[in-house]
Structure formats: C-alpha cells, structure tokens
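Listed here are the chains, written in short residue letters.
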Amino acid sequence: ELSYRAKISEEKINTAFDKIKPLSTAPASATFIGKIPSEEVIEEASQRDIILERLLGIMLHLKTDISALNDYAKYFPDKYAEICREFSRKDEERSPEIKNLMNEISMKFSFENQNMEIKSLEKEIHELLPRLKKEYLKEKRRQLGDKIKQFEREGDEEQLRKALKEHDDISKELQNS
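Note that the structure is predicted; figures quoted are calculated from it, not measured. (Residues numbered from 1 in each chain as written. Predicted model: local features only at pLDDT ≥ 70, side-chain atom pairs only at ≥ 80, totals over all residues. Heavy atoms only, no water.)

Right, let's get into the packing of aromatic side chains. Throughout the structure, instances matching the rule amount to two aromatic pairs. Plain terms: the ring middles of Tyr72 and Tyr75 are 6.1 Å apart, the flat faces sit at 55 degrees to each other, and that makes the pair tilted. For Tyr75, a relative accessible area of 8% translates into the label buried. Among the aromatic residues, those joined into a ring-pair cluster are Tyr72, Tyr75 and Tyr136. (Phe/Tyr/Trp six-rings, centres within 6.5 Å; stacked < 30°, edge-to-face > 60°. Buried < 20%, exposed > 50% of the residue type's maximum accessible area, 1.4 Å probe, protein only.)

Applying the stated rule across the entire model yields eleven salt bridges. Among the salt bridges present, the one from Arg48 reaches Glu139, with a minimum N-O distance of 2.9 Å. Here Arg48 is found in helix H3 (residues 47-61), whereas its partner Glu139 is found in helix H6 (residues 118-154), with 91 residues between them in sequence. On the basis of relative accessibility, which here comes to 21%, the residue Glu139 falls in the partly exposed class. In this structure, the salt-bridge partner of Glu173 is Lys133, at a minimum N-O distance of 3.2 Å. (Salt bridge = Lys/Arg side-chain N within 4 Å of Asp/Glu carboxyl O. Helix = DSSP H or I, 4+ residues; strand = E, 2+ residues; numbered from the N terminus.)

A few words on the nonpolar core. Judged by nonpolar contacts, the single largest core of 26 residues is most densely connected at Leu55, Leu56, Ile66, Leu69, Phe76 and Phe87. Listing elements by their share of this core, those giving two or more residues are H3, helix H4 (78-88), helix H5 (96-112) and H6. Ranked by residue count, the leading element in this core is H3, at seven residues. Among residues more than four places away in sequence, those in contact with Ile66 are Leu56, Met59, Leu60, Cys84, Phe87 and Ser88. The next biggest cluster of nonpolar side chains, apart from the first, holds eight residues, and it includes Leu144, Ile148, Leu160 and Ile170. (Core = buried A, V, L, I, M, F, W, Y, C linked by side-chain atoms within 4.5 Å. Contact = heavy atoms within 4.5 Å.)

A word on the packing of H3 against H4. Where H3 contacts H4, the two axes come as close as 11 Å, and the packing angle between them is 10 degrees. Overall, the two elements H3 and H4 adopt an arrangement that is roughly parallel. Of the two possible hands of crossing, H3 and H4 adopt the one that is left-handed. In contact with Asp49, Leu52, Glu53, Leu56 and Leu60 of H3, H4 contributes Lys79, Tyr80, Ile83, Cys84 and Phe87. Here the residues of the contact of H3 with H4 are counted per class, giving seven nonpolar, no polar and three charged. (Axes fitted to C-alpha atoms, helices over the stretch in contact; angles between N-to-C directions. Parallel < 35°, antiparallel > 145°, perpendicular 65-115°, else oblique. Left-handed = near helix turned anticlockwise from the far one by under 90°. Nonpolar A, V, L, I, M, F, W, Y, C, P; charged D, E, K, R; others polar.)

Moving on: the packing of H6 against helix H7 (residues 157-176). For the pair H6 and H7, the least separation of the axes is 9 Å and the interaxial angle reads 155 degrees. For the element pair H6 / H7, the angle class is roughly antiparallel. When the axes of H6 and H7 are compared, the crossing they make is left-handed. Facing H6, whose interface residues are Lys133, Lys134, Leu137, Lys138, Lys140, Arg141, Leu144, Gly145, Ile148, Phe151 and Glu152, H7 presents Gln159, Leu160, Ala163, Leu164, Glu166, His167, Ile170, Ser171, Glu173 and Leu174.

Below is the structure:
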C-alpha cells in the first residue's frame with residue numbers, strides 16, 4: 001500500500017527501511033504497535049526509551065509540532081533531549097541529516113502502523129506523556145535508593161536525610177500520578 005501511495009517500488013522502500021537503524025536496542029518483541037508499553041522492565045531498552053521512540057514516531061507521522069514535548073524534556077534521557085532539540089528547530093534551520101532522519105522515522109512509523117487511525121494516535125500521545133514522567137520518577141527513585149544505601153554505609157547522616165526526603169517526595173508524586 002505504501003509503495004502504491006508513494007509511487008515507489010517496494011524494493012526501494014525495503015532498502016530504505018533496512019538502512020534505518022532503531023533508536024534503541026529493544027528486541028523485536030518489545031515493539032508496541034498501537035499499544036502503550038507494559039509495566040514490565042525490558043533489559044535492552046528502558047521504558048523511557050520505548051515511550052520516546054513511540055512518541056517521536058507518532059508526532060513525526062502526524063506532523064505534530066515536536067516543540068510540544070519541551071515541557072517534558074526534563075524526563076528525557078540525554079540522547080533524546082538532543083534529538084528533540086534538533087527536531088524542534090525550524091525546518092530551514094535543520095541540517096539535511098536531521099531532515100532525512102525525521103523522514104525515515106516518519107516513513108518507518110507509517111509503514112509499521114498503516115492501519116492505525118489518526119484519532120487513536122493523537123490519543124496515544126496524551127497517554128504516553130504521563131507514562132514518560134512516571135517512568136522517569138521510578139528510575140529516579142531507584143537511583144535514590146542506591147544513594148541511600150551508600151550514605152547509610154558511609155554514615156553520612158546529612159546526605160542520608162536529604163536523599164530520604166527526596167525519595168519520599170518522589171514516592172508521593174508517583175502515588176499521585
């Protein structure tokens with residue numbers, strides 16, 4: 001269908017898709033076509049990676065303004081923050097490489113999700129953003145747990161108290177989200 005619509009041979013499309021490298025190292029079983037990723041932990045790619053890849057794919061496919069993600073940038077792993085900054089630039093300010101990457105992501109997403117309705121994709125964006133924040137908070141809480149253990153071993157009462165308070169604040173925020 002994509003080949004027919006784009007008036008490009010299937011062979012050329014398949015060659016282009018073969019050149020597209022996935023952003024994460026998630027196994028094929030970790031793809032979430034039309035679904036929100038489950039709560040289970042995937043070793044090769046973090047939940048935040050999977051959520052962000054899905055968000056970027058949807059937003060590029062729908063030609064949604066990527067700058068809408070700016071409010072959530074603090075929840076991005078570093079590599080995605082840089083990608084989003086580049087994607088958020090005006091079209092004329094983007095390098096040809098970034099333009100090509102955006103087109104490849106959009107085309108791959110279109111190919112893998114050709115039966116998805118636009119309304120369900122728009123809804124999915126709004127479902128994924130809170131999930132992104134939640135995964136960030138869970139990861140931060142795990143990191144703080146490690147620091148708390150370290151401060152206990154070292155006997156650093158002041159740092160321990162600060163880390164316990166931050167851990168408590170994050171736990172409350174997670175409970176309310």
